[in-house]
Amino acid sequence: MAHSIYVANGIVYVVGYDECVNGNTAACKWINGQLTALTDGSTNAAAYKVQVKNKKVYIAGSFFNANSRNVAAYWSDKIETTLSDGLTQACNNDVLVAGSEIFSAGFIVRNGGGKKVATVWHNGVPMALADWRRESVAMGVAVDGSSIQVVGYANNKAGKMVATLWKDSIPQDLTDGATDAVANAISIYKSKSYIVGTTTNASGHKVATLWKDGEMTALSDGTSDAEAFSIFIFKGDVYVAGYVKDSTGNDTAVYWLNGKVHQVSDKPGSRAYSVFVK
């Protein structure tokens, strides 16, 4: 399964995971369609995000160690860098390179508490973004000058997932917490934050959602489930990747361009997890 795409110098990079002969999944990258495994398949692993900077390829993901602990990691030019100690569960969902700085976003499970804690890593150093007593997860990270902005969700007292933006570690709720919501990705364009994710309406349907500087706009009509996973801004145009359930209840991969939906595939059960425009 492919999770993320990036194009640089005419080369197409895709990352995700592939099933091995032993039934495990190996974190993988595809360069112009040619597969290279990042892990050996002895345990389950997956890659979630790719970025190319200064001709180096950075890939976020995780792998299970011999003790069945999920280890947050990133790979760069075949070099694996672990971000967690392997004693508790953790995952790296995103990687961003800004100048000489490397940022990652994900979670670490606090020992004893058992809850996921949204975490941002700056050059490998973790910083918790939320209280360990309620579950939270960081899904994406962006940088605007010296400002570090992270998106994801944090559970409220009622146990509902609240779509959250952490701007320089200060949380900002994007939803009211009445129903579950998650912010999946963030992009900054001309110092404005563009965030995509999923909210839940009063009928219980998932709604693909865009926030521009905190102002929420529904991308789907709410009559069937839809989710938004990735955002890319090119020359002021806003591209969002996700899916919409069709009339038969099957997922259909789509992208939205400035709010207008376009079907990517008519194959039942398809989803678009990433978008890149060149």
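Scroll up for the structure.
Thresholds, definitions, all that
Residues numbered from 1 in each chain as written. Predicted model: local features only at pLDDT ≥ 70, side-chain atom pairs only at ≥ 80, totals over all residues. Heavy atoms only, no water. Helix = DSSP H or I, 4+ residues; strand = E, 2+ residues; numbered from the N terminus. Rg over C-alpha atoms; globule rule 2.2 N^0.38 Å. Buried < 20%, exposed > 50% of the residue type's maximum accessible area, 1.4 Å probe, protein only. Lys, Arg positive; Asp, Glu negative; His and termini not counted. Charge placed at Lys NZ, Arg CZ, Asp CG, Glu CD. Pairing = 2+ DSSP bridges. Axes fitted to C-alpha atoms, helices over the stretch in contact; angles between N-to-C directions. Salt bridge = Lys/Arg side-chain N within 4 Å of Asp/Glu carboxyl O. Phe/Tyr/Trp six-rings, centres within 6.5 Å; stacked < 30°, edge-to-face > 60°.

Undergrad: Before we go on, may I ask you to explain the overall build of the protein chain in this structure?
TA: Check the secondary structure of the protein chain and you find 0 helices and 24 strands. Taken over the C-alpha trace, the protein chain has a radius of gyration of 18 Å; the compact-globule value for 278 residues is 19 Å, and the two agree within 12%. Viewed in the frame of its principal axes, the protein chain has a C-alpha envelope of about 45 × 40 × 40 Å. Across the 278 residues of the protein chain, 48% fall into the buried class. Taken together, the 25 basic and 24 acidic charged side chains of the protein chain have centroids lying 4 Å from each other.

Undergrad: Looking at this structure, I do not really get the sheet that holds strand β15 (residues 161-167). What am I missing?
TA: Think of a sheet as strands paired side by side through backbone hydrogen bonds, with each pair either parallel or antiparallel. Judged by pairing direction, the sheet is antiparallel, and its 4 strands sit side by side in the order β13-β14-β15-β16 without closing on themselves. Of all strands in the sheet, those with a lone pairing partner are β13 (136-144) and β16 (170-173), marking the two edges. Going across the sheet, the axis of each strand differs from the next one's by a mean of 25°, ignoring polarity. Across 7 bridges, strand β14 (residues 147-155) lies against β15 in antiparallel orientation. Bridge assignment links V150 to a residue of β15, and that residue is W166.

Undergrad: Just checking my understanding: could you explain the sheet that holds strand β20 (residues 215-218) for this structure?
TA: Reading across from one edge, β17-β18-β19-β20 is the order of the 4 strands in this open sheet, with antiparallel pairing throughout. Both edges of this open sheet fall to β17 (182-189) and β20, since each of them pairs with a single strand only. Strand after strand, the sheet turns through a mean of 25° between neighbouring axes, direction not considered.

Undergrad: For this particular structure, what's the right way to read the pattern of salt bridges?
TA: By the definition in use, this model includes 6 salt bridges. With a closest N to O distance of 2.9 Å, K49 and D94 form a salt bridge. Placement of K49 in strand β5 (residues 45-53) and of D94 in strand β9 (residues 90-98) is noted, with a sequence separation of 45 residues between them. You can call D94 buried: its relative accessible area is 3%. A salt bridge links R133 to D131, with the shortest nitrogen-to-oxygen separation between them at 2.7 Å.

Undergrad: What exactly am I supposed to notice about the environment of G214 here?
TA: Here G214 is to be found in the loop between β19 (206-212) and β20. Between the C-alpha atom of G214 and that of N32, which follows or precedes it by 182 residues, the distance is 37 Å.

Undergrad: How do you make sense of the pairing of β17 when you look at a structure like this?
TA: Burial analysis of β17 places 6 of its 8 residues in the buried class, which makes it a mostly covered element. In the sheet, β17 pairs with strand β18 (residues 192-200) via 7 bridges, with the strands oriented antiparallel. Pairing of A185 across the sheet is with V196, part of β18.

Undergrad: Explain the packing of aromatic side chains to me, please; I cannot follow it from the model alone.
TA: Two descriptors summarise a pair of aromatic rings, namely the distance from one centre to the other and the angle between the planes of the rings. Taken as a whole and assessed by the stated rule, the structure comprises 5 aromatic pairs. Considering the side-chain rings of F229 and Y273, the 4.9 Å spacing of their centres and the 35° angle between planes classify their relative orientation as tilted. Placement of F229 in strand β21 (residues 226-234) and of Y273 in the segment after β24 (260-263) is noted, with a sequence separation of 44 residues between them. The exposure class assigned to F229 is buried, which follows from its relative accessible area of 15%. Since its relative accessible area comes to 25%, Y273 is described here as partly exposed.

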